[in-house]
Amino acid sequence: MNAFWIILTGSLVAACCSLLGCYLILRRMAMVGDAISHAVLPGIVIAFLLTGSRDSVPMLIGAGLLGVLTTFLIEFFHRYARVQSDAAIGVTFTWLFAIGIILISVFAGQVDLDQDCVLYGEIAYVPLDLWITEGGLSMGPRTVWTLGLVTIIILLFIVIGYKELFLTAFDSGYAAAIGVSTSLWYYLLMTAVSLTTVASFESVGAILVVALLVAPPATAYLLTDNFKTMLILSVVLGILAAFAGYYLAVWIDGSIAGAIATVTGIEFMIAFLFSPSRGILMSKKLIQPVQH
């Protein structure tokens, strides 16, 4: 049963991250998830200082608010300082991460406030944190319920805002010309990314979240030119990585999160080499002269 809960958790994270990652890939902001995972550290410290508690709920609230602030600052620096998106991401997350370290050293130096335990969780521990009702009924891991709710929210967000998200990702100039608020949909998308990232990396680990945000969408991008197909393919590839990664970890007796991330990399390399339209090896075959 533990294997089922671990794979289900990985699959839910893969679905959320893969869907949002497609939009990040097209916007050239693939590493914003990594930025959020580092930049939320001040939020964790501030939440601890305000509540005096190391419970997950207040710290995740603090992390979530800082995640939204991070996306706002990235866009602010990009738009008004006129720096490239990757530079804005780098400046923002290093600055906020450094502030978090200073806050820990000054105000929480004598407290066992381990950001690794709060943020960079281990997916193997998911089955241990059960939701037990007052009647003593076990409802399964809390994480599964949390991520299930987040998955529903992300699906509804994409279904309802598909047209606007599609237009702002592919041609923001045209979207603005026909009356679509590019800023509003940018912040809605970044809020969704922040929600997914913060909700996921406490349980599955920040590295796995970043891998699922980037690798399955990038792999799907190599395999198709149709955006709807890209969304579906990325989700399928992410879920496949969750399955294969778990059993790879069992086989080698290694880290589950690391194994899942490794499988996403293998999927990308296979597509990079053998994609019918963009694969390196297939492209070389296509341009070879016909032999008589």
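Calculation rules
Residues numbered from 1 in each chain as written. Predicted model: local features only at pLDDT ≥ 70, side-chain atom pairs only at ≥ 80, totals over all residues. Heavy atoms only, no water. Helix = DSSP H or I, 4+ residues; strand = E, 2+ residues; numbered from the N terminus. Buried < 20%, exposed > 50% of the residue type's maximum accessible area, 1.4 Å probe, protein only. Contact = heavy atoms within 4.5 Å. Areas by Shrake-Rupley, 256 points an atom, 1.4 Å probe, with all protein chains shown as cover. Axes fitted to C-alpha atoms, helices over the stretch in contact; angles between N-to-C directions. Left-handed = near helix turned anticlockwise from the far one by under 90°. Nonpolar A, V, L, I, M, F, W, Y, C, P; charged D, E, K, R; others polar. pLDDT = per-residue confidence, 0-100. Patch = residues over 30% accessible without salt bridge, like charges linked within 9 Å, V, L, I, M, F, W, Y side chains within 5 Å. Salt bridge = Lys/Arg side-chain N within 4 Å of Asp/Glu carboxyl O.

1. Considering the overall build of the protein
So, point 1. On a plain count of helices and strands, the protein comes out with 14 helices and two strands.
So, point 2. Counting every position in the protein, which comprises 292 residues, the buried fraction comes to 47%.
So, point 3. Sequence-distant contacts, at least 24 apart, represent 69% of the contacts inside the protein between residues at least 6 apart.
So, point 4. Summed over its atoms, the accessible surface of the protein is roughly 14,800 Å², and 68% of this surface lies on carbon and sulfur atoms.

2. Here's the deal with the side chain of Glu 267
So, point 1. Counting through the fold element by element, Glu 267 comes out in helix α13 (residues 256-274).
So, point 2. For Glu 267, a relative accessible area of 10% gives the class buried.
So, point 3. Once residues within four sequence positions are removed from consideration, Glu 267 is found in contact with Thr 219, Leu 237, Leu 240 and Ala 241.

3. So, the environment of Ala 124
So, point 1. Secondary-structure assignment places Ala 124 in the loop between α6 (115-119) and β1 (130-132).
So, point 2. The exposure class assigned to Ala 124 is partly exposed, which follows from its relative accessible area of 31%.
So, point 3. The spacing of Ala 124 and Tyr 246 is 122 residues in sequence and 9.5 Å in space, taken between C-alpha atoms.
So, point 4. Here Ala 124 is in contact with Ile 6 and Ile 256, once residues within four sequence places are set aside.

4. Observations regarding the packing of helix α1 (residues 2-26) against helix α12 (residues 227-252)
Packed helix pairs are characterised by how far apart their axes lie and by the angle those axes make with each other.
So, point 1. The contact between α1 and α12 brings their axes to 8 Å, and the two run at 145°. Two packed elements cross with a definite hand, and for α1 against α12 that hand is right-handed.
So, point 2. A class-by-class count of the residues in the contact of α1 with α12 yields 19 nonpolar, five polar and no charged.

5. Details of the side chain of Ser 234
So, point 1. As for its placement among the helices and strands, Ser 234 is situated in helix α12.
So, point 2. Ser 234 sits in the buried class, given a relative accessible area of 0%.
So, point 3. With residues up to four places along the chain from it excluded, the contact list for Ser 234 reads Ser 18, Leu 19, Cys 22, Pro 216, Pro 217 and Ala 220.

6. Some details on the confidence of the model for the protein
So, point 1. In the predicted model, the protein carries a mean pLDDT of 80, and 88% of its residues have values of at least 70.
So, point 2. Per-element averaging of pLDDT across the protein places α6 at the bottom with 48 and α12 at the top with 92.

7. Brief notes about a nonpolar patch on the surface
So, point 1. Together, Ile 266, Met 269, Ile 270, Phe 272, Phe 274, Ile 280 and Leu 281 give the surface a local cluster of nonpolar side chains, amounting to about 600 Å² of exposed area.
So, point 2. Of all elements in the fold, only α13 and α14 (280-287) reach the threshold of two or more residues within the nonpolar patch.
So, point 3. Among the elements that make up the nonpolar patch, the one with the highest residue count is α13 (five residues).
So, point 4. On the secondary structure map, Leu 281 appears in helix α14.
So, point 5. The class for Leu 281 is partly exposed, based on a relative accessible area of 34%.

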